[in-house]
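Notes for the structure review
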Amino acid sequence: MRVASIEIRHLRILDHVSLEFSPRANLVTGPNGSGKSSLLEAVHILGSGRSFRSHRLRDVVTHGESTLRIVGRTIGPDGLSETTGIEHSSEGLRIRRGGADIRAASELAALLPMVTVTPDSHRLITDGADLRRRIVDRLLFHVEPTYLKHHRRYRRALRQRNAAIRGGAEVSDLGAWDVELAEAGELLSEQRERYLGRALRAMNDVVGALLGRPADIQFYRGWAPNLSLVQACERSLTDDRLRGHTQVGPHRADLRFTICGRPLRHSLSRGEAKLFVTAVAVAQVLDLAAVLGYPPVVLVDDIASELDSDSRGRCLAELKATGAQLFLTAVPDVGMGTSGVEAERLFHVERGHIRQVV
């Protein structure tokens, strides 16, 4: 699946943009604040109904305008073309594909899988487990057809159990929610562990090759390995009551990154952190391509930041080798000429105006 063209109306500084893209590498250059990231943001919204820079779509609408519109033409692995339209206004979000309404953004994401690397992606190493869980969840959404159902069931049970705990429910009253939470949670965790049993080996290999030294990525399921989830809930109940929410379960799962036994956040320079998150993205692309039969679209915002020319070259080589359609941004004069990226399409942005250079 790839994005063949896009039309953008009223997204941040991009007021009226219409572009056609290469099926391989597309490089967007321009000074900071010119609209490079906004173009990648538009592609991301086209494939997910969401921005990677803001939690609310109304925040990305051009100041003084009321409606954001994005229309994109995609081409599937079978060569068939389809048009998707996204509109956000005061009435909410409307998505249409092939002339039919799409009711949930998750349906859109299933049609156009994407992997994104942004300047904030280093938070994968430095921040809490939520971002790392989201990587696992996004991948499983595409490779396990029942994963979303189990995930929603677990979240519902978790909300109900937390509400019962805060309401001072007796142990006997919590039993039903413990059982429901455990059943859904065990299914969810089984899918995560089954998938990661395969995927983590490849991820560790790619990270080691790109980073230049071996790293270790391990999965923690969210409760002690020697206990069932029901047993873990029972043992943590006293602490759960004190804190007002459930302390164990798949919502506490994590990917743990180490080098020589030390957490990555204490072991990597900023440049190495950029190499690491890029390697994780490459591993995601390769795994999705193996499962789906085609690679996802890859967005890399500010690819050159924190990287020297050698590291940048290795990142680009790894990304290009995936066979994915690439959308890359960079400021001018950082050695990102078309010969280095082999970009069939080169765009330059100035104050929201985008012109095709190559």
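Here we summarise the structure given alongside this text.

The rules behind the values
Residues numbered from 1 in each chain as written. Predicted model: local features only at pLDDT ≥ 70, side-chain atom pairs only at ≥ 80, totals over all residues. Heavy atoms only, no water. Helix = DSSP H or I, 4+ residues; strand = E, 2+ residues; numbered from the N terminus. Rg over C-alpha atoms; globule rule 2.2 N^0.38 Å. Buried < 20%, exposed > 50% of the residue type's maximum accessible area, 1.4 Å probe, protein only. Contact = heavy atoms within 4.5 Å. Core = buried A, V, L, I, M, F, W, Y, C linked by side-chain atoms within 4.5 Å. Pairing = 2+ DSSP bridges. Axes fitted to C-alpha atoms, helices over the stretch in contact; angles between N-to-C directions. Salt bridge = Lys/Arg side-chain N within 4 Å of Asp/Glu carboxyl O. Parallel < 35°, antiparallel > 145°, perpendicular 65-115°, else oblique. Left-handed = near helix turned anticlockwise from the far one by under 90°. Patch = residues over 30% accessible without salt bridge, like charges linked within 9 Å, V, L, I, M, F, W, Y side chains within 5 Å. Areas by Shrake-Rupley, 256 points an atom, 1.4 Å probe, with all protein chains shown as cover. Lys, Arg positive; Asp, Glu negative; His and termini not counted. Charge placed at Lys NZ, Arg CZ, Asp CG, Glu CD. Phe/Tyr/Trp six-rings, centres within 6.5 Å; stacked < 30°, edge-to-face > 60°. Lys NZ or Arg CZ within 6 Å of the ring centre and 35° of its normal.

1. A word on the overall build of the protein
- Check the secondary structure of the protein and you find 11 helices and 15 strands.
- Relative to a compact globule of 358 residues, whose C-alpha radius of gyration would be 21 Å, the protein shows 22 Å and is just as compact.
- The dimensions of the protein, computed from C-alpha atoms along their principal axes, are 70 × 50 × 40 Å.
- Here the protein, with 358 residues, has 52% of them falling under the buried criterion.
- Counting contacts in the protein only where the partners sit at least 6 residues apart, residues at least 24 apart contribute 68% of the total.

2. Points about the nonpolar core
- In this structure, Val207, Ile217 and Phe276 are the most contacted members of the largest nonpolar core, which totals 65 residues.
- Looking at this core, the element that brings in the most residues is helix α6 (residues 171-211), giving 13 residues.
- Residues within four places of Ile217 in sequence aside, it is in contact with Leu200, Met203, Asn204, Val207, Leu255, Arg256, Phe257 and Phe276.

3. What about the environment of Ile354?
- On the secondary structure map, Ile354 appears in strand β15 (residues 353-356).
- For the pair Ile354 and Leu19, spaced 335 residues apart in sequence, the C-alpha to C-alpha distance is 8.5 Å.
- In contact with Ile354, not counting residues within four places along its chain, are Leu14, Val17, Leu19, Leu39, Phe347, His348 and Val349.

4. Side note on the sheet that holds strand β11 (residues 262-263)
- Read across the sheet, three strands follow the order β9-β10-β11 without closing on themselves; strand pairing throughout is antiparallel. Strands with a single pairing partner mark the edges of an open sheet, and in this sheet they are β9 (216-220) and β11.
- Where β9 meets strand β10 (residues 254-259), five bridges bridge the pair, whose relative direction is antiparallel. Residue pairing in the sheet places Asp216 in a bridge with Thr258 of β10.
- With respect to the sheet, α6 is in contact with β9 and β10, its orientation differing from that of β9 by roughly 160°.

5. Quick word on the pattern of salt bridges
- Using the criterion set out here, one finds 23 salt bridges in the structure.
- A salt bridge links Arg9 to Glu7; the shortest N-O distance between them is 3.8 Å.
- Measuring nitrogen to oxygen at the nearest pair gives 2.7 Å for the salt bridge that ties Arg134 to Asp130. On the criterion of helical spacing, the pair formed by Arg134 and Asp130 is a turn pair, its members being four residues apart in helix α4 (residues 129-143).

6. Looking at the packing of α6 against helix α9 (residues 270-292)
- Their axes nearest at 8 Å, the elements α6 and α9 cross at an angle of 135°. Put simply, α6 runs oblique to α9. The interaxial crossing formed by α6 with α9 has right-handed handedness. Between α6 and α9, the residues in contact are Tyr195, Arg198, Ala199, Met203, Val206, Val207, Leu210 and Leu211 and Glu272, Leu275, Phe276, Thr278, Ala279, Val280, Val282, Ala283, Leu286, Asp287 and Val291, respectively.

7. Regarding a positive patch on the surface
- A cluster of like positive charges, contributed by Arg152, Arg155, Arg156 and Arg159, occupies part of the molecular surface.
- Within the element layout of this structure, Arg159 appears in helix α5 (residues 147-166).

8. Re the sheet that holds strand β13 (residues 326-330)
- The sheet built from six strands is open, its strands ordered β8-β12-β13-β3-β14-β15 with mixed pairing. The open sheet is flanked by β8 (114-117) and β15, the only strands paired with a single partner. Neighbour to neighbour, the strand axes of the sheet diverge by 15° on average, direction disregarded.
- Where β8 meets strand β12 (residues 297-300), four bridges bridge the pair, whose relative direction is parallel. When the sheet's bridge partners are listed, Met114 is paired in β12 with Val297.
- Set on the sheet, helix α1 (residues 36-48) makes contact with β3 (25-29), β8, β12, β13, β14 (345-350) and β15; between it and β13 the angle comes to about 155°.

9. Digging into the pairing of strand β5 (residues 81-89)
- In this sheet, β5 lies alongside strand β4 (residues 68-75) in antiparallel orientation, the contact comprising eight bridges. Note that in β5 the partner of Arg73 across the bridge is Thr83.
- If you look at the hairpin formed by β4 and β5, you'll find five residues sitting between the two strands, and Gly79 has a positive phi there, around 85°.
- The pairing of β5 with strand β6 (residues 92-97) spans six bridges and is classified as antiparallel. Residue Thr84 lies in a different strand from β6, and its bridge partner there is Arg97.
- Between β5 and the antiparallel strand that follows it, β6, lie two residues.

10. So, the environment of Phe327
- Along the chain, Phe327 falls in strand β13.
- In the structure, Phe327 is positioned 299 residues away from Val28 in sequence and 7.6 Å away in space, judged by C-alpha atoms.
- With near-sequence residues (within four places) excluded, Phe327 lies in contact with Val3, Phe21, Asn26, Leu40, Val43, Val297, Val298, Leu299 and Val300.

11. Quick notes on the packing of aromatic side chains
- Considering all chains together, one arrives at three aromatic pairs under this definition.
- Both rings, one in Phe21 and one in Phe347, keep their centres 5.8 Å apart while their planes meet at 80°; by these two values the pair is edge-to-face. With Phe21 in the loop between β2 (14-20) and β3 and Phe347 in strand β14, this residue pair connects regions lying 326 residues apart in the sequence.
- On the basis of relative accessible area, Phe21 is assigned to the buried category, the value being 5%.
- Through a chain of ring-to-ring contacts, three or more aromatic side chains come together here, namely Phe21, Phe327 and Phe347.
- If you follow Arg256 out to its NZ or CZ, it ends over the ring of Tyr220, 4.1 Å from the centre.

That is the geometry; function is a separate question.
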